[in-house]
Amino acid sequence: MSNNKSFVLRGIEDVVYEERPIPEINDDEVLVEVKKTGICGSDVHYLVAGRIADFVVEKPMVLGHESSGIIAKAGAKVKSLKPGDRVALEPGATCHICDDCKRGRYELCPDIVFAATPPYDGTLARYYRLPADVAYKLPDNLSLEDGAMMEPLSVAIHSVSNIGQVRANQKVAVFGCGPVGLLCMAVAKAMGASRIIAVDIVQSRLEFAKEYAATDVFLPPAAETGESKMAFSKRASELLKKKFGIEDRGPSAIDVVIDASGAEVCIQMSIFLAKAGGTFVQVGMGNAEVQIPITLVLTKELSIKGSFRYGPGDYPLAIALVAQGKIDLKPLVTHRFQFDDAITAFNTTRKGKSEDGKGVIKAIISGPGVAVEDK
Ligand SMILES: [Zn+2]
Ligand SMILES: [Zn+2]
């Protein structure tokens with residue numbers, strides 16, 4: 001059987017549909033009929049640049065990793081799932097035996113097989129196989145679109161709850177109002193943060209953030225001519241603190257700063273803004289190398305932490321928070337496309353808006369033969 005229609009990246013700006021064989025599954029795996037897939041910045045980056053850091057597309061690769069679907073087949077040893085179950089797919093299969101897997105940080109597994117990270121195929125296909133333990137059954141009150149959104153939400157859960165350890169009544173700042181930044185704000189809110197400051201350079205995105213989960217928003221000023229990035233970042237953070245009455249210590253201070261932008265000035269501002277003894281989490285992937293005010297890291301005893309994908313417990317928490325109504329994913333899905341229009345979906349995400357001028361937060365592609373209205 002080979003009617004596994006797939007959206008394949010062959011090289012830079014070169015995508016085609018291919019009929020591929022339906023994957024065979026092992027006893028501990030499930031075969032999922034993919035129904036909804038969100039497009040991620042990383043998918044677009046592979047299309048445009050053919051690589052992300054050291055991950056280079058060297059042979060044709062199916063794109064997509066933010067998916068939900070319905071179990072088509074379950075392996076002989078799978079007890080938790082059966083054909084027909086609706087699931088969110090955590091798109092990384094880990095080895096279970098390396099040091100990192102065994103100490104509960106499987107996102108660091110050197111042998112992880114991660115969807116649409118070269119050389120491994122992604123989920124923009126009719127069928128995708130994965131270990132049963134990373135296919136999570138969706139509660140009845142969640143849609144398949146919600147299921148696809150569990151991937152970026154889990155990225156946010158990992159950075160805010162797991163790595164950043166945000167707790168009730170804390171003050172949090174989030175740089176970047178793209179899907180992950182917005183979801184970080186939603187998670188901070190769900191964890192009980194009392195103040196969530198969103199920072200972005202686009203006013204309309206800030207307005208959305210305020211409507212969605214932020215308590216306050218900040219649009220940094222323009223840089224002055226001849227002003228260094230560091231001088232700008234210092235000045236912009238001072239302005240932010242003044243605007244919201246934030247001190248370096250005490251109840252107004254910012255406990256946790258999350259950078260979901262990857263921009264150098266945002267990283268610098270984050271370090272200026274975090275309170276003495278506070279935490280800074282890097283979740284956005286952007287500039288590979290940046291300059292930071294390291295003396296401040298020392299004198300404030302800041303914890304600087306990296307956050308990569310998601311680990312144990314992140315998907316279950318993501319699903320639980322949405323099922324309980326603590327996080328609403330629906331406002332983030334702005335565009336929907338049929339499988340045959342995948343390239344339009346990519347181009348729309350790339351441009352940041354559709355022909356009608358509507359800004360993109362998340363575009364979702366339906367599986368082959370699945371109607372766009374079928375949520
Ligand atoms: Zn993603
Ligand atoms: Zn491992």
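Predicted model only: the values in this text are computed from it and were never measured. (Residues numbered from 1 in each chain as written. Chains lettered and ligands numbered in written order. Predicted model: local features only at pLDDT ≥ 70, side-chain atom pairs only at ≥ 80, totals over all residues.)

Draft legend 1. A look at the overall build of the chain. Of regular secondary structure, the chain possesses 10 helices and 20 strands. In terms of overall size, the chain behaves like a compact globule, its C-alpha atoms giving a radius of gyration of 21 Å where 375 residues would be expected to give roughly 21 Å. For the chain, the C-alpha atoms occupy an extent of roughly 65 × 45 × 35 Å along the three principal directions. Per-residue burial for the chain yields a buried fraction of 47% across its 375 residues. Within the chain, contacts between residues separated by at least 24 positions form 70% of all contacts whose residues are at least 6 apart in sequence. (Helix = DSSP H or I, 4+ residues; strand = E, 2+ residues; numbered from the N terminus. Rg over C-alpha atoms; globule rule 2.2 N^0.38 Å. Buried ≥ 20, exposed ≤ 12 C-beta atoms within 10 Å, placed from the backbone. Contact = placed C-beta atoms within 7 Å.)

Draft legend 2. Broad picture of the nonpolar core. Grouped together as the largest cluster of nonpolar side chains are 106 residues, with contacts concentrated most on Val32, Cys184, Met185 and Val187. Broken down by element, the residue count for this core peaks at 10 residues, all from helix α3 (residues 144-163). Two domains each provide a minimum of three residues to this core, namely domain 1 (4-153 + 311-366) and domain 2 (165-306). Beyond its immediate stretch of four places on either side in the chain, cysteine 184 contacts Ala156, Ser159, Val160, Val174, Ile258, Ala260 and Val283. (Core = buried A, V, L, I, M, F, W, Y, C linked by C-beta atoms within 7 Å. Domains from an automatic or database assignment.)

Draft legend 3. A look at the UniProt feature "domain: Enoyl reductase (ER)" (unreviewed entry) in the chain. When the UniProt feature table is mapped onto this chain, "domain: Enoyl reductase (ER)" (unreviewed entry) is found at residues 10-361. This span, residues 10-361, is 30% helix and 25% strand, and a straight line between its end C-alpha atoms measures 26 Å. (UniProt positions renumbered as here; feature names shortened; annotations may be inferred.)

Draft legend 4. Representation of the packing of α3 against helix α9 (residues 314-323) within the structure. As a packed pair, α3 and α9 sit with axes 8 Å apart at the nearest point and diverge in direction by 110°. Here α3 is positioned roughly perpendicular relative to α9, judged by the angle of their axes. The two elements α3 and α9 meet at a crossing, and its hand is right-handed. Here Asp146, Met150, Leu153, Ser154, Ile157, His158, Ser161 and Asn162 of α3 lie close against α9, whose contacting residues are Asp314, Tyr315, Leu317, Ala318, Ile319 and Val322. For the contact of α3 with α9, the residue count by class is eight nonpolar, four polar and two charged. (Axes fitted to C-alpha atoms, helices over the stretch in contact; angles between N-to-C directions. Parallel < 35°, antiparallel > 145°, perpendicular 65-115°, else oblique. Left-handed = near helix turned anticlockwise from the far one by under 90°. Nonpolar A, V, L, I, M, F, W, Y, C, P; charged D, E, K, R; others polar.)

Draft legend 5. View of α3. When the terminal C-alpha atoms of α3 are compared, their 27 Å separation across 20 residues agrees well with the 28 Å that a helix rising 1.5 Å per residue should span. Residue glutamate 151 marks the point of greatest curvature in α3, where the axis turns by about 40°; the proline proline 152 follows within four residues. Summarising burial for α3: 20 of the 20 residues are buried, a large majority. Of the residues flanking the end of α3, it is glutamine 165, one or two places downstream, whose phi is positive at about 55°. (Expected span 1.5 Å × (residues − 1). Bend = angle between axes of the 7 residues up to and from the residue.)

Draft legend 6. The sheet that holds strand β17 (residues 274-282), seen in detail. Taken together, the six strands give an open sheet; going across it, the order is β15-β14-β13-β16-β17-β18, and neighbouring strands pair in parallel fashion. Sheet topology places β15 (216-218) and β18 (303-306) at the edges, where each strand pairs with a single neighbour. Each strand of the sheet is rotated relative to its neighbour by a mean of 20°, with strand direction disregarded. Where strand β13 (residues 171-175) lies against strand β14 (residues 195-199), five bridges are found, and the strand directions are parallel. Of the residues in β14, the one forming a bridge with valine 172 is isoleucine 196. Against the sheet, helix α4 (residues 179-190) contacts β13, β14 and β16 (254-259), and its axis sits at roughly 170° relative to β13. (Pairing = 2+ DSSP bridges.)

Draft legend 7. Representation of the sheet that holds strand β2 (residues 14-20) in the model. The three strands lie next to each other as β2-β1-β6, forming an open sheet whose pairing is antiparallel. Two strands close off the open sheet at either side, each with one partner strand: β2 and β6 (61-62). Taken together, the seven bridges between strand β1 (residues 4-11) and β2 define a ladder with antiparallel strand orientation. By the bridge assignment for β2, glycine 11 is matched with aspartate 14.

Draft legend 8. Examining unusual backbone geometry more closely. Of note, the amide linkage connecting proline 118 to proline 119 takes the cis form, showing an omega dihedral of 5°. Relative to the helices and strands, proline 119 resides in the loop between β10 (113-114) and β11 (127-131). Not every positive phi belongs to a glycine, and alanine 116 is a case in point at roughly 55°. On the secondary structure map, alanine 116 appears in the loop between β10 and β11. Exposure remark for alanine 116: the 24 C-beta atoms within 10 Å place this residue in the buried category.

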